[in-house]
Amino acid sequence: MADRQSGAAVTADALALRGPRGWVYRDVGFTAEPGSLVALTGPAGSGRTALLLTLAGRMRPTAGTAAVAGLALPAGAAKVRRIAALGPVPGVNQPDPALSVAAHLRERHLLHARPFARSSRRAVEARTAAALATAGLALDDLRIPVRDLGELDRFRLGTALALLGAPRLVCADDVGERLGDEDRAAAWQVLRAVAATGITVLAATTGAGAAEPADLTVRLDAVAERPAAEAPPQDAPEPQDAPEPQDAPAAGAAPQNTPETDRAEDEETADARA
């Protein structure tokens, strides 16, 4: 498990991301000390998840600067991914509900195992026990399927899985969503316990229950898809000339030929020549 000095400092200055439909987030700036708990709060559409993935080295920003443990983004994104772990991020890394807790733990150990390196069973069990203890996940039987866990225990499991790789930064999304007041407070205490080990924690939320446990709160505003002032000018369609009015035939005047009448006359002329 990480020690007090292992957390990663995180900085952002005028950080922004723009997608095909407009700005996802923009003008984000803050400085987080190692081992701090940072709440990224904002309504739907404020780009909370995208900001988390950017700072974890998983998305490329459009403008501004950011760094994790002195590693500039996006240039150092590959190195950032080695020290930044995703905790619970709905829609990105939910545990498979059909697999057991133990199966997920084994899989994560294999993911972080170094090639050709062997860890003793005792070392693996020690890392697992430390991660579960920090996340507060106490189960009598780790063979229980994830689908049988409550929302809070799923959050604890996602956090424990992130800790198995000994990260310096942990990112969690939608903290406290779909939880009652008591369980929401418990979820934030889990993240506080992670930060207490020295790991820096970035936690995105709509804001409910976040102010009290966080060391720093960064507020994000919803960004319009395309601000009117920045909308590219639309070329006005060129006016089309109105069709000239057709004069009505005078009384007794011969009717004008149409393509159909011309064709009929040609056929009659051909018959006459034959």
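(A) Representation of helix α1 (residues 48-55). By the criterion of burial, α1 is predominantly enclosed, with seven of the eight residues buried. Taken as a whole, α1 has its buried residues at Arg48, Ala50, Leu51, Leu52, Leu53, Thr54 and Leu55. Positive backbone phi, at 80°, marks Gly57, one or two positions downstream of α1.

(B) Main features of the pattern of salt bridges. According to the stated counting rule, one finds eight salt bridges in the structure shown. For Arg143, the salt bridge identified is with Asp141, shortest N-O distance 3.0 Å. Residue class for Arg143 comes out exposed when judged on its relative accessible area of 64%.

(C) Structural detail: the nonpolar core. Judged by nonpolar contacts, the single largest core of 34 residues is most densely connected at Leu37, Leu157, Val175, Trp188 and Leu191. When contributions to this core are tallied by element, the ones reaching two or more residues are β3 (37-41), α3 (101-112), α4 (121-135), α5 (151-163), β7 (169-172), α6 (181-196) and β8 (200-205). Core analysis: the second largest hydrophobic core is formed by 32 residues, Val38, Leu52, Val68 and Leu169 among them.

(D) Structural view of the pairing of strand β4 (residues 63-68). Where strand β1 (residues 10-19) and β4 come together, five bridges link them in antiparallel fashion. Paired with Ala12 across the bridge in β4 is Ala66. Where β4 and strand β5 (residues 71-73) come together, three bridges link them in antiparallel fashion. Counted as the bridge partner of Ala67 is Ala72 from β5. Counting the residues between successive antiparallel strands, the hairpin from β4 to β5 contains two residues, one of them, Ala69, with a positive phi of roughly 55°.

Definitions and limits used
- Residues numbered from 1 in each chain as written.
- Predicted model: local features only at pLDDT ≥ 70, side-chain atom pairs only at ≥ 80, totals over all residues.
- Heavy atoms only, no water.
- Buried < 20%, exposed > 50% of the residue type's maximum accessible area, 1.4 Å probe, protein only.
- Helix = DSSP H or I, 4+ residues; strand = E, 2+ residues; numbered from the N terminus.
- Salt bridge = Lys/Arg side-chain N within 4 Å of Asp/Glu carboxyl O.
- Core = buried A, V, L, I, M, F, W, Y, C linked by side-chain atoms within 4.5 Å.
- Pairing = 2+ DSSP bridges.

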